[in-house]
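Descriptive analysis of the structure
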Amino acid sequence: MHDEVPGERTRVAACAAPSAGAALEPTTIERRPLGPHDVAIAIQYCGVCHSDVHQVHGDWGDGTFPMVPGHEIAGVVTAIGPDVTKHAVGDRVGVGVIVGSCRECTMCEQGLEQYCAGSVETYAATDRYHGGGPTHGGYSTHIVTDEHFVLRVPDSLPLEAAAPLLCAGITTYSPLKHWNAGPGTKVAVLGLGGLGHLAVKIAHAMGAEVTVLSRSLSKKDDGLGLGADHFHATDDPATFDQLAGTFDLILCTVSSRLDVGAYLALLANGGTMVYLGITDEPLDVSVFSLLRGRASLAGSQIGGMAETQEMLDFCGRHGIGADVEVIGADRLNEAFERVRHGDVRYRFVVDASTFEA
Ligand code: NAP
Ligand code: ZN
Ligand code: ZN
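Residues numbered from 1 in each chain as written. Chains lettered and ligands numbered in written order. Predicted model: local features only at pLDDT ≥ 70, side-chain atom pairs only at ≥ 80, totals over all residues. Heavy atoms only, no water.

Description of the packing of aromatic side chains
Applying the stated criterion across every chain, the model contains 3 aromatic pairs. Both rings, one in F240 and one in Y263, keep their centres 5.3 Å apart while their planes meet at 75°; by these two values the pair is edge-to-face. Pair noted here: F240 is in helix α7 (residues 238-242) and Y263 is in helix α8 (residues 260-264), with a separation of 23 residues, a long-range link. (Phe/Tyr/Trp six-rings, centres within 6.5 Å; stacked < 30°, edge-to-face > 60°. Helix = DSSP H or I, 4+ residues; strand = E, 2+ residues; numbered from the N terminus.)

Topic: the domain arrangement of the protein
Structurally, the protein comprises domain 1 (10-167 + 322-354) and domain 2 (169-299). The C-alpha-based centres of domain 1 and domain 2 are spaced at 28 Å. Listed by partner, the interface residues are 14 residues for domain 1 and 18 residues for domain 2. With both sides pooled, the region where domain 1 packs onto domain 2 buries about 1400 Å², and carbon together with sulfur makes up 49% of that total. When the area that domain 1 buries against domain 2 is broken down by residue, the three leading residues are C167, R345 and Y346, summing to 39%. Linking domain 1 to domain 2 there are 2 salt bridges. (Domains from an automatic or database assignment. Contact = heavy atoms within 4.5 Å. Buried area = accessible area lost by both parts, 1.4 Å probe. Salt bridge = Lys/Arg side-chain N within 4 Å of Asp/Glu carboxyl O.)

Things to note about the nonpolar core
By size, the foremost hydrophobic cluster in this structure holds 51 residues, and its most contacted members are L165, L176, V187, V200, I202 and C315. Sort the elements by how many residues they give to this core and helix α5 (residues 194-206) lands first, with 7 residues. In this structure, A16, V56, A124 and L332 belong to the second largest nonpolar core, which totals 41 residues. (Core = buried A, V, L, I, M, F, W, Y, C linked by side-chain atoms within 4.5 Å. Buried < 20%, exposed > 50% of the residue type's maximum accessible area, 1.4 Å probe, protein only.)

A few points about the site of ligand 1
Near ligand 1 you find 28 residues, and of these H50, S51, S214, K219 and R347 are the closest. Measuring from an oxygen atom of ligand 1, one finds a backbone N or O atom of G194 at 2.8 Å. Here an oxygen atom of ligand 1 and a backbone polar atom of L195 are 2.8 Å apart. Calculation on ligand 1 without its partners gives an accessible area of 920 Å², and the protein chains cover 90% of this total. Where the shell around ligand 1 is concerned, the elements lending two or more residues are α1 (50-56) and α5. Tallying contributions element by element places α1 first for the shell around ligand 1, with 3 residues. Residues of the shell around ligand 1, tallied by class, amount to 11 nonpolar, 14 polar and 3 charged. Each of domain 1 (10-167 + 322-354) and domain 2 (169-299) contributes no fewer than three residues to the shell around ligand 1. (Near = heavy atom within 4 Å. Polar contact = N/O pair within 3.5 Å; in protein donor to acceptor, adjacent residues only side chain to side chain. Areas by Shrake-Rupley, 256 points an atom, 1.4 Å probe, with all protein chains shown as cover. Nonpolar A, V, L, I, M, F, W, Y, C, P; charged D, E, K, R; others polar.)

Points about the sheet that holds strand β10 (residues 186-190)
Here we have 6 strands laid out as an open sheet, ordered β12-β11-β10-β13-β14-β15, and parallel in their pairing. The two strands at the open ends of the sheet, each matched to only one other strand, are β12 (230-233) and β15 (296-299). Geometrically, the sheet is characterised by an average inter-axis angle of 20° between neighbouring strands, direction not taken into account. Pairing geometry for β10 and strand β13 (residues 247-252), over 4 bridges, is parallel. In the strand pairing of β13, A188 is matched with I250. Helix α4 (residues 168-178) contacts β10, β13 and β14 (267-275) of the sheet and is inclined by roughly 160° relative to β13. (Pairing = 2+ DSSP bridges. Axes fitted to C-alpha atoms, helices over the stretch in contact; angles between N-to-C directions.)

Rendered as structure tokens:
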């Protein structure tokens with residue numbers, strides 16, 4: 001763990017929400033001086049995750065303001081601290097949802113840093129390394145991060161398509177691995193947005209039989225093009241009769257309240273429904289819907305550093321990146337509105353060269 005390191009802080013351009021629910025606006029923020037294990041990164045692209053939208057809108061009731069969101073960061077290393085061994089100047093790298101953890105608890109020892117009680121989120125958290133100020137995310141031109149939380153981006157992936165892998169990619173890869181998606185397994189992806197479209201690509205590449213469950217059939221051609229074998233509309237009651245008892249695994253990427261029992265009934269015996277999408281409303285689940293078919297209802301949160309690197313390498317080998325709409329900083333507020341209304345195909349990515357103070 002670092003203490004305050006000597007040296008000048010750097011002022012860089014960023015976009016911040018001044019208060020909960022406010023529009024994002026241009027600003028400048030400070031980045032800490034380079035510590036011995038730190039990597040300085042010139043950000044090129046940053047994805048717009050629905051969690052950014054939740055956080056800025058105060059949906060989860062926490063967070064510090066002004067808030068600079070952004071945790072799907074891809075860029076190039078511009079400087080390294082004297083003790084850095086993993087990265088070199090010029091490397092193509094990424095930073096995801098966390099930038100710190102205690103590094104010594106049982107979770108950290110197992111490479112599950114995302115479940116460490118001392119994990120530090122990339123923005124709106126307390127920067128335990130340097131002076132206790134707030135962390136600032138990737139809606140900015142530069143970031144300074146401990147090398148342990150910096151990942152290599154494979155050369156085969158364009159940085160704009162790789163950026164969303166740092167959150168949406170690992171959040172779907174980790175449960176697919178954990179619940180053994182692969183040849184012979186039937187996986188349903190509920191909600192075809194940022195997480196959902198990467199879940200389809202990754203599950204397909206793992207060899208699973210993939211079904212998209214979307215509110216309507218309007219994205220059917222897209223879903224099949226992404227690698228899904230089947231596509232069904234959840235606004236059609238016949239879907240629930242037709243697919244009863246089908247899936248080994250359902251990944252739920254929806255961020256609003258659902259009839260959980262209706263989806264548990266779609267699981268094959270012993271199947272698991274995993275919550276990835278976050279609603280702050282309590283779930284309303286009948287115990288009978290779990291007993292019947294020995295169902296499991298689970299949750300999963302991003303992934304650890306080693307697994308995130310494994311996911312990036314997997315995506316590099318399979319040519320998997322996000323389908324992105326690149327925007328300038330001036331369109332971030334519009335992008336937030338569209339994400340809130342489910343109107344995105346399939347990830348907005350902001351071009352960091354457009355951040356101006
Ligand atoms: P997104 O791009 O907005 O996708 C969510 C999808 O949910 C939409 O595309 C839509 O798909 C579906 N949906 C169903 N009901 C909806 C409604 N009432 N309004 C809007 N969309 C609805 O979001 P995302 O970036 O993939 O994130 C999804 C959720 O995962 C968010 O809650 C986010 O905070 C959470 N998240 C969790 C983790 C984690 O570690 N667990 C990590 C990242 C994000 P259809 O149109 O196909 O129905
Ligand atoms: Zn995210
Ligand atoms: Zn720990």
